[in-house]
Amino acid sequence: QVQLVESGGGLVQAGDSLRLSCAASGRSFSRDSMAWFRQAPGKEREFVACIRWSSGTTYYAESVKGRFTLSRDNAKDTMYLEMNSLKPDDTAVYYCASGSWLAPDKEKNYNYWGQGTQVTVSS
């Protein structure tokens, strides 16, 4: 069992920065990849970014590329998402996930999910 807990969300203005954290706890049989997804009101959950845990290789959705940076700290079992130049369209609940490295931009790739943290960006 793996528990993922997101934190760091909040209310910010457009252009501001925010750093999200995802802390993992419990026994994990494998952690090939971790990712961030987000879901805005009335919209489907969408891929934001992912990282291959062993190598640190990252991929980003086009909508956040160049603005968001994903990283991890192995010693702390924590993944981070640094969000810069935030836009109102970034408003969503952000979810942390852990899974394989088969289709890391797809929800079905992940078997563990956090509870989500709210990010609200005002104009």
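Here the structure is a predicted model, which is why all the values come from computation and not from measurement.

## Observations regarding the pattern of salt bridges
Piece 1. The tally for this structure, following the rule as stated, stands at 6 salt bridges.
Piece 2. Between D90 and R67 there is a salt bridge; the shortest N-O distance is 2.8 Å. Of this pair, D90 sits in the loop between β8 (78-83) and β9 (92-99) while R67 sits in the loop between β6 (58-60) and β7 (68-73); the two residues are 23 residues apart in sequence, bridging distant segments of the chain.
Piece 3. Under the relative-accessibility criterion, D90 is labelled buried at 1%.
Piece 4. On the basis of relative accessibility, which here comes to 11%, the residue R67 falls in the buried class.
Piece 5. Among the charged side chains, a salt-bridge network with shared partners connects R38, E46, R67 and D90.

## Things to note about the pairing of strand β11 (residues 117-122)
Piece 1. Every second residue of β11 is oriented toward a common face, the buried set being T117, V119 and V121 and the non-buried set Q118, T120 and S122.
Piece 2. The pairing of β9 with β11 spans 3 bridges and is antiparallel. Note that in β11 the partner of A92 across the bridge is V119.

## Observations regarding the sheet that holds strand β1 (residues 3-7)
Piece 1. Pairing is antiparallel across the open sheet formed by 4 strands, whose spatial order is β1-β3-β8-β7. Edge positions in the open sheet fall to β1 and β7, since each of these has one partner strand only. Averaged over all pairs of adjacent strands, the angle between strand axes in this sheet comes to 15 degrees, irrespective of strand direction.
Piece 2. Where strand β3 (residues 18-25) and β8 come together, 6 bridges link them in antiparallel fashion. Bridged to L18 within β8 is M83.

## A short note on the nonpolar core
Piece 1. Grouped together as the largest cluster of nonpolar side chains are 35 residues, with contacts concentrated most on W36, M79, L81, M83 and Y94.
Piece 2. Setting aside residues up to four positions removed in sequence, M79 forms contacts with L20, S21, C22, M34, A35, W36, I51, W53, L70, S71, R72 and C96.

## Quick notes on the state of the cysteines
Piece 1. Counted by the stated rule, this structure contains 1 disulfide.
Piece 2. Each sulfur of the disulfide joining C22 and C96 lies 1.9 Å from the other. Measuring the twist about the S-S bond at about -70 degrees, one finds the C22-C96 disulfide to be left-handed. You can see C22 sitting in strand β3 and its partner C96 sitting in strand β9, a full 74 residues away along the chain.

About the thresholds
Residues numbered from 1 in each chain as written. Predicted model: local features only at pLDDT ≥ 70, side-chain atom pairs only at ≥ 80, totals over all residues. Heavy atoms only, no water. Salt bridge = Lys/Arg side-chain N within 4 Å of Asp/Glu carboxyl O. Helix = DSSP H or I, 4+ residues; strand = E, 2+ residues; numbered from the N terminus. Buried < 20%, exposed > 50% of the residue type's maximum accessible area, 1.4 Å probe, protein only. Pairing = 2+ DSSP bridges. Axes fitted to C-alpha atoms, helices over the stretch in contact; angles between N-to-C directions. Core = buried A, V, L, I, M, F, W, Y, C linked by side-chain atoms within 4.5 Å. Contact = heavy atoms within 4.5 Å. Disulfide = S-S within 2.5 Å.

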